[in-house]
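# Examination of the molecular architecture
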Amino acid sequence: MKRLAKGRLLFMLAVTTLFLAGCGEPFISTLQPAGEVAQTQYDLMLLSTFIMVGVIIVVTVIFLIVLFKFRRKDDKIPKQVEGSHKLEIIWTVIPILLLLVLAVPTVAATFDLADVSPMEEKNEEGKTDVTVVNVKANLYWWEFEYPNQGIVTSQELVVPTDEKVYFNLLSTDVKHSFWIPAAGGKLDTNTENTNKFWLEFNSEKADEVGNIFYGKCAELCGPSHALMDFKVKAISKDDFNAWAEDLASMEEAAQPETASAEQGQEIFNQSCIGCHAVTPTGANAVGPNLTTFGDRTHIAGYLEHTEENLKAWIKDPEEFKPGNKMTDQYGNLSDEEIDALTDYLMGLKVED
């Protein structure tokens, strides 16, 4: 009975694992690659899995053959194979060949994915001919600077599709890890050195997810580590250029269109401007850049972009992201002031 119970338990675990394996969403799943880097890494995972499963199957078959075909039937001692040079060569060469099969494509992919030389080459204007993004990780938000375009955003990364996008990764406080699961593996953001790598976003895969991929911090960095999300908006090259030009052309913050929003702007200039910028210039701010706040899809990285959630966030940010720096520097506002501030922030848009 105990064996039967254990067998049922193992069967249930196997079935559960099979079902859970299909639960990944395409905008955040490593098993549904959405770019060249992700596809390369996925292929390597498949290769290593096939090798491991193949070894398990071969060993299991040999074990069953020995178990049943050569079951001991009398007191005779079977032929001993100790010291057989042929067998020793076989079980030494086979693992070496398997390692070579796995090592050659892995090493080749490692060098290919580590090649960031194009981001170091400057043209006559002193800029690069490729898209470069300087990523700065903060507790618990992300800043994205586009040096070629001279603009800064936060929390939502905008990238062109079907081309390599190069990243400089740095942290301003503790170690974080920059990870867009559908586009490629993670890479740490350190305080003492800059890590560099590139990703590519496939336009067809982007269309399938509404042009929005999810990014996360993959390094335990504090109480709100699991909430340190960001979104990636993958759009065509023409749309990216238009977006960057519109943002770069902004010389002042978007002007409020209602009386309530005007009141909110006054409150913002009195209480928030010391930490948050509302123009697309100036990196290394204390808080996230809010120039495109009205265009975002989420608030604080993971809340739905609604007025109700924004008001709740302004009223008590500690409830949604424990340990965030905004809580320590934030003053109390009345409900009327929060309503006005919400109207102003929701109107900070660049896109039509």
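Parameters at a glance
- Throughout, residues of each chain are indexed from 1 in the direction in which the sequence is written.
- With pLDDT at 70 or above as the cut-off, local features in this predicted model cover only qualifying residues; side-chain atom pairs require 80 or more to be listed or tallied, and sums for whole chains, interfaces and linings still use all residues.
- By convention in this description, side-chain values take in all heavy atoms of the structure and omit both hydrogens and water.
- Secondary structure elements are taken from DSSP: a helix is a run of H or I of four residues or more, a strand is a run of E of two residues or more, and numbering for both begins at the N terminus.
- With a 1.4 Å probe rolled over the protein chains alone, any residue whose accessible area is under 20% of its type maximum counts as buried; one over 50% counts as exposed, and the rest are partly exposed.
- The term polar contact refers here to a pair of N or O atoms within 3.5 Å; inside protein, the definition further demands a hydrogen-donor-capable atom paired with an acceptor-capable atom, and it admits residues adjacent in sequence only when both atoms are side-chain atoms.
- By nonpolar core is meant a set of buried Ala, Val, Leu, Ile, Met, Phe, Trp, Tyr and Cys residues that side-chain atoms within 4.5 Å join together.
- Throughout, a residue-residue contact means that at least one pair of heavy atoms, one from each residue, lies within 4.5 Å.
- Strands are labelled as partners when DSSP assigns at least two bridges between them.
- Where helices are involved, their axes are fitted lines through C-alpha atoms of the stretch in contact, as for all axes, and angles between N-to-C directions lie from 0 to 180°.
- UniProt positions are given in the numbering used here, feature names are shortened, and annotations may be inferred rather than shown by experiment.
- Definition used for salt bridges: Asp or Glu carboxyl oxygen within 4 Å of a side-chain nitrogen of Lys or Arg.
- Cavity means a closed set of points on a 1 Å grid over the protein atoms alone, one where a 1.4 Å probe fits but cannot get out, pocket means an open set with protein on both sides within 12 Å along at least 5 of 7 lines, and lining means a residue has an atom within 4 Å of a point.
- Grid points are joined across faces, edges and corners, and a volume is the space filled by probe spheres set on the points.

## A few points about the side chain of Ser 29
- Tracing the chain through its elements places Ser 29 in the loop between helix H1 (2-20) and helix H2 (36-69).
- Given the relative accessible area of 8%, Ser 29 is considered buried.
- Reaching out from Ser 29, the side chain makes a polar contact with the backbone nitrogen of Leu 31 at a distance of 3.1 Å.

## A look at the nonpolar core
- Ranked by size, the top nonpolar core spans 46 residues in total, and within it Leu 157, Phe 167, Phe 178, Ile 180 and Phe 213 carry the most contacts.
- For this core, the elements supplying multiple residues, two or more each, are strand S1 (131-138), strand S2 (141-146), strand S4 (156-160), strand S5 (164-171), strand S8 (195-200), strand S9 (212-217), strand S10 (229-235) and helix H5 (237-248).
- Non-local contacts of Ile 180, meaning those with residues more than four positions away in its chain, are made with Leu 157, Leu 199, Phe 201, Phe 213, Tyr 214, Gly 215, Phe 230 and Val 232.
- Among the nonpolar cores identified, the runner-up in size contains 20 residues, and Leu 290, Trp 313, Phe 320 and Leu 345 belong to it.

## Considerations on the sheet that holds strand S6 (residues 176-179)
- Across the sheet, five strands lie side by side as S4-S10-S9-S6-S7; this open sheet has mixed pairing. The open sheet has two edge strands with one neighbour each: S4 and strand S7 (187-189). Adjacent strand axes in the sheet meet at a mean angle of 30 degrees, parallel and antiparallel pairs treated alike.
- As paired elements, S6 and S7 share three bridges and run antiparallel to each other. From the neighbouring strand, Ser 177 faces S7, where its bridge partner is Asp 188.

## With respect to the UniProt feature "transmembrane region" (unreviewed entry) in the protein chain
- The UniProt feature table records "transmembrane region" (unreviewed entry) at residues 44-68 and 89-111.
- The span residues 44-68 is 100% helix and 0% strand, and its two end C-alpha atoms sit 36 Å from each other.

## Quick notes on the pattern of salt bridges
- Under the counting rule described, the total for this entry stands at six salt bridges.
- Among the ionic pairs, Glu 120 bridges to Lys 196, the shortest N-O distance being 2.6 Å. Here the residue Glu 120 occupies a position in the loop between helix H3 (85-113) and S1, and Lys 196 occupies one in strand S8, the gap between them amounting to 76 residues.
- The partly exposed category is assigned to Lys 196, whose relative accessible area is 35%.

## Some details on empty space enclosed by the protein
- As enumerated under the stated definition, the model contains one cavity of 30 Å³ or more in all.
- Size it by volume and the largest cavity reaches roughly 70 Å³.
- Lining of the largest cavity is provided by Thr 153, Glu 156, Val 158, Lys 233, Trp 243, Thr 292, Asp 295, Arg 296 and Glu 351.

## Remarks on the pairing of S8
- Counting buried positions along S8 yields five of six residues, so the element is predominantly enclosed.
- Taken together, the six bridges between S5 and S8 define a ladder with antiparallel strand orientation. Pairing of Asn 168 across the sheet is with Lys 196, part of S8.

## A short note on the environment of Glu 208
- Here Glu 208 shows up in helix H4 (residues 203-208).
- Residue classification places Glu 208 among the exposed positions, given a relative accessible area of 57%.
- Sequence-wise, Glu 208 and Met 52 are 156 residues apart; in three dimensions their C-alpha atoms are separated by 32 Å.

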